[in-house]
Every structure is written in C-alpha cells, then in structure tokens.
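The primary structure of each chain is shown beneath.
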Amino acid sequence: ERIRLDEVTVTTGQLQARFPGYETTLSAQVKGGELTGDVTLVHADGKELKLPFTAQLGATWRFYPEPLPDNADFSGRWDVAFTDGTGRRTNGVALFDQRFEDVTGTVLMPTGDQRFLAGEAHDEELRLSRFDGGAVVLYAAKLDASGKLVGETWSDRDGSQRFVATRNPDATIDAAALASRLRDPAAPFSFSFRDLDGQTVSSGDPRFKDKVLLVTLAGSWCPNSHDEARLLVQLDRKYRSQGLEIVSLMFEQHAEFDRAVAAVQRFRTANGIAYPTLIAGTADRTQAAAVLPQLDAVLAYPTAIFIDRTGRVREIHTGFAGPATGVQHDLLAHEFATWIEDLLQPGAAAAPPAPTTEPPLSP
C-alpha cells in the first residue's frame, strides 16, 4: 500500500508532514539522500508516542538488502495463536502471498484485520511490517523443525506479543465469540450526540423517520474504521436516495470536544464522508458501552448496526475485514449491501428481528 501525503512542508534541511485522516505527523532532517527524524502517533488521552526513524532515498528493500536465491515458502493460510505479556491468548488467521523473496498479506483477527503487511522471506526467516499513518506493526518469525512459524509481533498500540502459526488451508475465526448483542432485541435503538458543529443529532429526528439506518461505532484513530468508511461512502451514494441513512458514532482519543472534532474532520476529509459523524465519547470500550446501554458491550471498532424503518436492530456486525483480506472483504461488502437492500424492501419492517450472532469468518 502506498499513502500519498499532501500536507508536506519543506524548508532548508527540514521536512514536516501529516498523514491523511490521522493526527500522525512526521518530522525529519534532510541531508543528502537520507532522512533522520521522528514519527509521532497520538494515543488515548492525547498522549504522544515518538518513534525515531531513518530513510534512504532509492532503497527498494525493506529488511534484507541482499535477497537469497532459495527461501522457504510462506504462502497460504495459517492458524495463528498470539500470547501477550499477561498470558492472554488471541487467535487469528494469516493470509500470505509470496513471489520469490517478497511476501505480502494480512492477519485476520476477531475484531478486524492487520491491513496491508509486506516484507521478505530470508531462508527460513520471515519479516513483515506496516506503516500507514494509523499504526506501526512489525512481525518477525522463523520456521521451527516441525514447520510451525514462531515469532514475535509488535505494534505501537498493543506492544509485543509472541505467536505460533500452523499452516492450515481451512483456518477460520469464530467471529460470534466476540460480537456485541442487544439487551432487548424488541426495543428501538436510540442515540443522541453532538455533530461537529455542536448541534445535537438524535435517532428521533425527522430526517430519520421511516428510514433504514446503518449506525457504525468508529474512531478516526482506527485504521479498520478508515477501511469501513470507504465502503460506507459507496453505500451512502448508492442507497441514500432509496431511504438509507448512515450515521457514524465516533469514539475518539480526546475527551475535549474541540480536539475530537478536529480529528474527526480529518477523518471525514480523507475518506470523502458526507453522512453525519457524531462525537459519541472517548475510545474506552467501557465508557462507550455506558453511552449505548442497549448493547451488552462494545467490543470492537468498527461495529456496524443495521436498523429497520421501525427502529429495531436487525443485524450487528462486529469488526471489519478490509481490502487487504481480498475475498473476505468482497464477501463482507456484498453482505452489507444485501442487508441494506433487504431492509429497504416494502414490508421489511414486518419481519421478525434477525439473530445478532455471526458465522465464522472464512472466505
């Protein structure tokens, strides 16, 4: 993946840049063909993480300057078990493509995917990374004697985790194990939050009367929310005239309203959003659940809630499989469109509420 940076300032020996849609900034000294500086990422409560970096002009390799002629084959589908420093275990599915030493792919998790990973095979070692302005992710692993891929991953938000991956062409994720559910499926879904102008927008407003609603819980800091927003923009353009309204409830890094608004405005501009984005609170999941008491919990960003014309929830989709997942993303986009089209049909509100559980993630 290549990210175009339009907000770039260059002065004598100095470069400053901002990443589209995020609060992330880059600052570097320019000397000959080298950049030396820091990338600054904004985390919860506005805390900043500075990561030093160097960059060489014209370098085409990522980890190994000299490729080897013969490397292990890492392509295919893998079951992955992650273990953090507390012993907590999370399962995922890795999807890798390989061409000679170049390896690309992603890792599907119950809450989303790791977006576009890229790197290189080097004998029996594999290194992958990602930097898109929203996150910094690094994978380093090696095949053991049994053919398992054993290594460590690091990200700016989650820190370090150990992992073991086993090749499995049928690997899947049980998404239903991590899904938000309704406390009372028969009760209408309601919300009331301020928009970016400070005006209160509520589910009971006239613009939403007799409309199909797609309410998403998102965050401008969340890369998976950016991927979802690009799909929602397409759905908004296609179905708004037929009776669909999309509303994004934004849970931000900042408790201060003005700072949250500024972050969300960058999110809107980068993704071409025309539907309402409301400031719902901070990204803390416990606080998010408190302001949405009809849900038993808020477990992931994004979470999409599909609501019929009577205000009843018909589907809840926790997490998002982005374009890096390929077929999985295409299937999810088709599923979103199908749910919307079904709810837009005359008489759709007369049908009973659909179950809120989801099938396993599997292309």
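The rules behind these values
- Residues numbered from 1 in each chain as written.
- Predicted model: local features only at pLDDT ≥ 70, side-chain atom pairs only at ≥ 80, totals over all residues.
- Heavy atoms only, no water.
- Helix = DSSP H or I, 4+ residues; strand = E, 2+ residues; numbered from the N terminus.
- Rg over C-alpha atoms; globule rule 2.2 N^0.38 Å.
- Buried < 20%, exposed > 50% of the residue type's maximum accessible area, 1.4 Å probe, protein only.
- Contact = heavy atoms within 4.5 Å.
- Areas by Shrake-Rupley, 256 points an atom, 1.4 Å probe, with all protein chains shown as cover.
- Patch = residues over 30% accessible without salt bridge, like charges linked within 9 Å, V, L, I, M, F, W, Y side chains within 5 Å.
- Salt bridge = Lys/Arg side-chain N within 4 Å of Asp/Glu carboxyl O.
- Lys, Arg positive; Asp, Glu negative; His and termini not counted.
- Charge placed at Lys NZ, Arg CZ, Asp CG, Glu CD.
- Pairing = 2+ DSSP bridges.
- pLDDT = per-residue confidence, 0-100.
- Axes fitted to C-alpha atoms, helices over the stretch in contact; angles between N-to-C directions.
- Phe/Tyr/Trp six-rings, centres within 6.5 Å; stacked < 30°, edge-to-face > 60°.
- Lys NZ or Arg CZ within 6 Å of the ring centre and 35° of its normal.

Caption draft 1: Fine view of the overall build of the protein chain. For the protein chain, the count of helices and strands is four helices and 21 strands. Expected size for 363 residues packed as a compact globule is a radius of gyration near 21 Å; at 22 Å, the protein chain falls within 12% of this value. Counting only C-alpha atoms and orienting by the principal axes, one finds that the protein chain spans roughly 65 × 55 × 40 Å. A total of 363 residues make up the protein chain; the buried ones form 51% of that total. For the protein chain, restricting intrachain contacts to residue pairs at least 6 apart in sequence, the fraction spanning at least 24 positions comes to 58%. Just so you have it, the protein chain exposes about 17500 Å², and 51% of that area is on carbon and sulfur atoms.

Caption draft 2: Summary view of a negative patch on the surface. Together, Asp45, Glu256, Asp258 and Asp284 line one region of the surface with negative charge. Examined against the element boundaries, Asp258 turns out to sit in helix 2 (residues 257–271).

Caption draft 3: Summary view of the pairing of strand 3 (residues 25–31). Here five bridges tie strand 2 (residues 14–18) to strand 3, and the two strands are oriented antiparallel to one another. Bridge pairing in strand 3 links Gln14 to Gln29. The sheet contact formed by strand 3 and strand 4 (residues 34–42) spans seven bridges and is antiparallel. The residue bridging Lys31 from the neighbouring strand is Glu34, located in strand 4.

Caption draft 4: Quick look at the confidence of the model for the protein chain. Taken over all residues, the pLDDT of the protein chain has a mean of 93, while the share at 70 or more is 95%. Scored below 50 in pLDDT, residues 354–363 makes 32 contacts in the model with residues more than four places away or belonging to other chains.

Caption draft 5: Expanded view of the sheet that holds strand 4. Taken in spatial order, the five strands make up an open sheet running 1-2-3-4-5, and their pairing is antiparallel. Where the open sheet ends on each side, the last strands, each with one partner, are strand 1 (7–11) and strand 5 (48–56). With strand direction ignored, the average angle separating the axes of adjacent strands in the sheet is 15 degrees.

Caption draft 6: Representation of the packing of aromatic side chains in the model. One pass over the structure, following the stated rule, counts 11 aromatic pairs. Between the aromatic rings of Phe306 and Trp339, the centroid separation amounts to 5.0 Å while the plane-to-plane angle is 75 degrees, which identifies the pairing as edge-to-face. Taken as a pair, Phe306 in strand 20 (residues 303–307) and Trp339 in helix 4 (residues 327–344) lie far apart in primary sequence, 33 residues in all. The burial state of Phe306 is the same as that of Trp339; both residues are buried. Ring centres 6.2 Å apart and planes at 65 degrees place the aromatic pair Phe320 and Phe336 in the edge-to-face group. Separated by 16 residues along the polypeptide, Phe320 in the loop between strand 21 (313–318) and helix 4 and Phe336 in helix 4 bring together distant segments of the chain. Side by side, Phe320 and Phe336 carry an identical accessibility label, which is buried. Through a chain of ring-to-ring contacts, the aromatic side chains of Phe306, Phe320, Phe336 and Trp339 assemble into a single cluster. We note Arg194 situated over the ring of Phe257; from NZ or CZ to the ring centre the distance is 3.9 Å.

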